[in-house]
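# Structural characterization, general
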Amino acid sequence: MKSKLNKKIGITGSSGLIGRSLKDALEKNGFNVITLNRAFTINDISECDVIVNLAGANISGRWTKNYKKEIFSSRIETTKKLTDYIAKQIENNKSDGINKEFQLINASATGIYLSDTDRIHTESNNEYGNDFLAEVCKAWEQAATQISSVAKVAILRFGVVITPAGGALPKMVMPAKFGLKLILGSGNQKISWISLEDLLRGIIFIIENREEGIFNFTAPGSLTYRAVTDIISHRYRCFLKIRVPDSILKLLIGEGSKVLTSGNITYPERLIQSGFSFNKPLFDI
């Protein structure tokens, strides 16, 4: 096995919060990182031992017909191009007598699972949803696993990534800074989440242990949206509670409101069974 200093890790989607943070974490851990932009070539792929595919348009906001196409194509088309190049490079290596084992680590999301149920979803569960996000995740994972016969492929189903540096948490906290406890929808929707720190540690764990297959990247305990707002409002001593009904959210941002008003419970069974331990298993801000 190559040492960390010799192992080259390619990252797509490196301009996003997770991508930037992962690049820094990998370099701090002694890996050589190559950033792959949308115009990456097969020559770029040939340089890599591992590729972490994080490319994808943000799912927050209003989903117009055109933006839904962007959400889909930015994930699936990029992944198909990536796996096509990896397969070609593996074939080229064989022709040259080179036995190099690629590892593809592909992002997905817990949105693939059936939502608004008390069922606890582990990686062995195939009770998937049939809404837009679930269909995107299914196609995304299928595009990645088409090379599983010639390369190690790990699918990481991310929950909501929690960090003060960006993403969902600052948006949740903002009303509380003005004394407002803001509850979106019923408040009973489930949130499967993971700290950015544990997400980065988990990806490095997958790389170092050459893991493959499906992994739920969530903390062991899901919460309801109401429970999250309780924690935030206690921290900021909120004095006024406001609930925004599903109907208002749908009026404001359309179908995209589903990201805020529905959710599921997932459990990181395979990560834990593989020996990974969470530094932040409990939600905190």
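Below or above, wherever it landed, is the structure these notes cover. The residue numbering used here restarts from 1 in each chain and proceeds along that chain's sequence as written. With pLDDT at 70 or above as the cut-off, local features in this predicted model cover only qualifying residues; side-chain atom pairs require 80 or more to be listed or tallied, and sums for whole chains, interfaces and linings still use all residues. Hydrogen atoms and water are omitted, and side-chain values are computed over all heavy atoms in the structure.

## Looking at the pairing of strand β1 (residues 8–12)
Residue burial is assigned from relative accessible area. The probe radius is 1.4 Å, only protein chains are included, and a residue is buried under 20% of its type maximum, exposed over 50%, and partly exposed in between. In this description a helix means any DSSP run of H or I spanning at least four residues, a strand means any run of E spanning at least two, and both kinds are numbered starting from the N terminus. Most of β1 is tucked away: four of the five residues are buried. Strands are labelled as partners when DSSP assigns at least two bridges between them. As defined by bridge partners, β1 adjoins strand β2 (residues 32–36) across five bridges and the pair is classed as parallel. Counterpart to I9 in the pairing with β2 is V33. Classification remark: right-handed applies to a crossover when, strands pointing away from the viewer, the course from the first strand over the helix to the second runs clockwise. Crossover handedness for the path β1 to helix α1 (residues 17–28) to β2: right-handed. Bridging between β1 and strand β3 (residues 50–53) involves four bridges; their strand directions are parallel. From the neighbouring strand, I11 faces β3, where its bridge partner is V52.

## Brief notes about helix α4 (residues 132–145)
Look at α4: 20 Å from first C-alpha to last across 14 residues, which is about the 20 Å you get at 1.5 Å a residue. Here α4 lies mainly inside the structure; 10 of its 14 residues are buried. Looking at α4, one finds that the buried residues are F132, L133, A134, V136, C137, A139, W140, E141, A143 and A144. Packing partners of the buried residues in α4 comprise β3, α3 (65–95), β4 (103–109), β6 (152–158), β12 (213–217) and α9 (258–261). Given the number of residues in a helix, its expected span is that number minus one, multiplied by 1.5 Å. The contact criterion used is simple: two residues touch if any of their non-hydrogen atoms lie within 4.5 Å.

## Regarding the packing of α1 against helix α6 (residues 196–208)
A pair of packed helices is characterised by two quantities: the angle between their axes and the separation of those axes. Where α1 contacts α6, the two axes come as close as 10 Å, and the packing angle between them is 60°. With respect to α6, the element α1 is oriented oblique. Crossing geometry of α1 relative to α6 is assigned as right-handed. In this structure, α1 uses I18, S21, L22, A25 and L26 to contact α6, whose residues at the interface are L196, L199, L200, I203, I204 and I207. Under the scheme applied here, ten amino acids are nonpolar (Ala, Val, Leu, Ile, Met, Phe, Trp, Tyr, Cys and Pro), four are charged (Asp, Glu, Lys and Arg), and all others, including Gly, are polar. Across the contact of α1 with α6, the residue classes break down as 10 nonpolar, one polar and no charged. Where helices are involved, their axes are fitted lines through C-alpha atoms of the stretch in contact, as for all axes, and angles between N-to-C directions lie from 0 to 180°. In what follows, roughly perpendicular refers to angles from 65 to 115 degrees, roughly parallel to angles under 35, roughly antiparallel to angles over 145, and oblique to any angle outside these ranges. The crossing is said to be left-handed when, going from far helix to near helix, the turn is anticlockwise and less than a right angle, and right-handed when the turn is clockwise.

## Here we look at empty space enclosed by the protein
Cavity means a closed set of points on a 1 Å grid over the protein atoms alone, one where a 1.4 Å probe fits but cannot get out, pocket means an open set with protein on both sides within 12 Å along at least 5 of 7 lines, and lining means a residue has an atom within 4 Å of a point. Grid points are joined across faces, edges and corners, and a volume is the space filled by probe spheres set on the points. As enumerated under the stated definition, the model contains one cavity of 30 Å³ or more in all. Size it by volume and the largest cavity reaches roughly 50 Å³. Contributions of two or more residues to the lining of the largest cavity are made by α5 (168–177), β9 (180–184) and α7 (225–236). The residue makeup of the lining of the largest cavity, split by class, is seven nonpolar, two polar and one charged.

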